[in-house]
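Inside the fold
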Amino acid sequence: MAAHGDSGSGGAGRALPPHSPSGAVLQTVEMHTGGEPLRIIPRLEAAEQAAAAGLSLLSLRREVAAGQDHVRRALMHEPRGHAGMYGAVVVRGGAAAEGAHLAVLFLHCAGYSAMCGHAVMALGRFALDYGLVPAPTRPETAVRLRCPCGPVTAFVPWDGNRSGNPVRFHSVPAFAAATDLAVDVPGHGKVVVDIGYGGTFYAFLSAEQLGLDVCSSRTRDLVSAASAVTEAVKKQFKLHHPESEDLAFLYGTILTDGKDAFSEEPTTNICVFADEQVDRSPTGSGVTARIALQYHKGLIQLDQTRTFRSSTTGSLFTGKAVKATKFGNYNAVIVEVSGEAFYTGTATFTVEEEDPLKHGFFFK
């Protein structure tokens, strides 16, 4: 399953439609977790060649962005994708994997991410069902993934023939980067945000501070407000990552219902990331960061499970802090996030060189 050129031309009995001899044939596995799509590219030869040459995963991410970004645009953007599409490139072998079953690069409509929890859960199932784990065990198999933010382990039900749900994963160390930070947001005045890290950084605040309700306000209004917060935080607060400045960027803003104290009842949020992209799921890395913030503030204890609801689809993830640790100068926690991932199909995409929109277009 490679992204590669194919010299076949269309004709009677052929499975593929006509395409240019030099045009790419892109084969994917389609999944979703909590409603958030995941378009998996099982193999991208250029990425695996670069990994075999010894590139680290962060270096590989830069290399793919510089030399293979047309693949991301072709598969994430219209007409093959849409403004909410998300993807993952699977990388096997080479320095990028470093002893994991697979490495992964995360793709979205605006670029590349450092971590994606909904993708990790889906990729855990994919790794078992497509034979990337040599000896899966029953009733559950640990699938080791290397993400740009670091190593993550997914725990996937396995009955001997196929994977199942729910899938859970253990995060990289997650921490509170800032709490009760006053930020001046144009059009909204001063608001107070928390910034948490769960493999990538998010700003968190209640939608109420912006005069909105995360459950009933128009999605367009929530997206505009969250995006304004993201831009304001980027201008007014400098992020630091203990291991790599490549990871020191604010990925987005998560608006919540304000219910941060421990409760058996679900708490609802909406995640707006990258270029105003809306997560359909409760957001795996967002749940990770929010659990880290709640633990830091003393609102939850180790092994207390919280349920998180997406305001867009109503889908649910659970999260809990399972271990306290240190990460650089930060007091951190390892967070377990659980959800359900499902297959929706497979696809073969072709490119005709004479198509003026062959590498996609982005329309919001």
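Structure: see above.
An account of the accompanying structure is given in this report. Everything numeric in this text was worked out from a predicted model, so none of it was measured. (Residues numbered from 1 in each chain as written. Predicted model: local features only at pLDDT ≥ 70, side-chain atom pairs only at ≥ 80, totals over all residues. Heavy atoms only, no water.)

Comments concerning the environment of valine 89
Position of valine 89 among the secondary structure elements: in strand 4 (residues 86-91). A relative accessible area of 1% places valine 89 in the buried class. Taking the C-alpha atoms as reference points, valine 89 and phenylalanine 106, 17 residues apart in sequence, are found 6.6 Å from one another. Discounting chain neighbours no more than four positions away, the residues touching valine 89 are Ile41, Leu44, Ala103, Val104, Leu105 and Leu107. (Helix = DSSP H or I, 4+ residues; strand = E, 2+ residues; numbered from the N terminus. Buried < 20%, exposed > 50% of the residue type's maximum accessible area, 1.4 Å probe, protein only. Contact = heavy atoms within 4.5 Å.)

Focus: the nonpolar core
Here is a general trend for soluble globular proteins: nonpolar side chains tend to be buried in one another's company. Phe106, Val120, Leu123, Val143, Val193 and Ile195 are the most contacted members of the largest nonpolar core, which totals 91 residues. Counting contributing residues, this core receives three or more from each of domain 1 (25-171 + 343-349) and domain 2 (172-338). If you look at the next biggest cluster of nonpolar residues, it comprises 25 residues, including Leu26, Leu60, Tyr112 and Ala347. (Core = buried A, V, L, I, M, F, W, Y, C linked by side-chain atoms within 4.5 Å. Domains from an automatic or database assignment.)

Digging into the pattern of salt bridges
If you walk through the whole model with that rule in mind, you get 16 salt bridges. Residues arginine 39 and glutamate 30 are paired through a salt bridge, measuring 2.9 Å at the closest nitrogen-oxygen approach. Owing to a relative accessible area of 6%, arginine 39 belongs among the buried residues under this scheme. In this structure glutamate 30 comes out as buried when scored by relative accessible area, which is 12%. For aspartate 257, the salt bridge goes to arginine 290, with nearest N and O atoms at 3.9 Å. Pair noted here: aspartate 257 is in the loop between strand 13 (250-256) and strand 14 (267-273) and arginine 290 is in helix 7 (residues 284-296), with a separation of 33 residues, a long-range link. Residue arginine 290 is classed as buried on the basis of its relative accessible area, which comes to 2%. (Salt bridge = Lys/Arg side-chain N within 4 Å of Asp/Glu carboxyl O.)

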